[in-house]
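Structural characterization, general
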Amino acid sequence: MNNTHYKVEKIERRAFTLFLSEMDIFHCHLKEFIELNMEDAKQLIEAMGILGKGEKYPMLTTIGSFVSSDSEVKKFMSKKENNKYVSASAIITNHIGYKIGTNLFIRFFIPEIQ
């Protein structure tokens, strides 16, 4: 991943790397071969609060290969109180399975963005 368009600040965790771009957009890259759990989801919310200094920004998510999560994590991440640092959200993937999964997520776990 080329980081030339990102500020020096980034937060790296087991399941993701979070950047705040110079255009004030969060970029979350979900790492490969990861099953997202509730702790990962809580760490992501905390990381957005730290990098964004409590402000809201648009979120761009890119997904590595073989990433999964259970419905409990999806429900948790779609709640309004867990999107308090996100003003809009977009997901980019080039895997057909993730495209289908993302569409299902959006239909069944509609993200509540304030």
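Above this text you will find the structure in question.
Reference entry: report on the structure contained in this document.

How each quantity is defined
Sequence order as written defines residue numbering, which begins from 1 separately in each chain. Reporting of local features is limited, given that this is a predicted model, to residues whose pLDDT is at least 70; pairs of side-chain atoms are given and counted only at 80 or more, and all residues count toward the totals for whole chains, interfaces and linings. Each side-chain value is worked out from all heavy atoms of the structure, with water and hydrogens disregarded. The criterion is simple. A nonpolar core is a set of buried Ala, Val, Leu, Ile, Met, Phe, Trp, Tyr and Cys residues joined through side-chain atoms within 4.5 Å. To sort residues, take the accessible area from a 1.4 Å probe on protein chains only and compare it with the maximum for the residue type: under 20% means buried, over 50% means exposed, and anything in between is partly exposed. In this description a helix means any DSSP run of H or I spanning at least four residues, a strand means any run of E spanning at least two, and both kinds are numbered starting from the N terminus. Two residues form a contact once any of their heavy atoms are found within 4.5 Å. One less than the number of residues in a helix, times 1.5 Å, gives the span that helix is expected to have. Two N or O atoms form a polar contact when they lie within 3.5 Å of each other; inside protein one atom must be a possible hydrogen donor and the other a possible acceptor, and for residues adjacent in sequence the pair counts only when both atoms belong to side chains.

**Some words on the nonpolar core**
- With 24 residues, the main nonpolar core has Phe 16, Leu 18, Phe 26 and Met 48 as its most contacted residues.
- Of all elements in the fold, only strand E2 (16-21), strand E3 (26-30), strand E4 (34-36), helix H1 (38-51), strand E5 (57-63) and helix H2 (71-78) reach the threshold of two or more residues within this core.
- Here this core gets 6 residues from one element, more than from any other, and that element is H1.
- If near-sequence neighbours (up to four positions away) are discounted, Phe 26 is found in contact with Leu 18, Phe 19, Leu 20, Met 48, Leu 51, Gly 52, Tyr 57, Pro 58, Met 59, Leu 60 and Tyr 85.

**Topic: the environment of Arg 13**
- Mapped onto the elements, Arg 13 comes out in the loop between strand E1 (6-12) and E2.
- On the accessibility criterion, Arg 13 (29% relative accessible area) is partly exposed.
- A C-alpha to C-alpha distance of 9.4 Å links Arg 13 and Lys 31, two positions 18 residues apart in sequence.
- Ignoring any residue separated from it by four or fewer positions in sequence, one finds Arg 13 in contact with Lys 31 and Gln 43.

**Thoughts on H1**
- When the terminal C-alpha atoms of H1 are compared, their 20 Å separation across 14 residues agrees well with the 20 Å that a helix rising 1.5 Å per residue should span.
- For H1, the buried fraction is high: 10 of the 14 residues fall into the buried class.
- Along H1, the residues that are buried comprise Met 38, Asp 40, Ala 41, Gln 43, Leu 44, Ile 45, Ala 47, Met 48, Gly 49 and Leu 51.
- Between a side-chain oxygen at the N-terminus of H1 and the backbone nitrogen of Glu 39 the separation is 3.0 Å; the capping residue is Asn 37.
- Lys 53 sits one or two positions beyond H1 and adopts a positive phi of about 50 degrees.

Interpretation note: all reported values are geometric properties and have no functional meaning in isolation.
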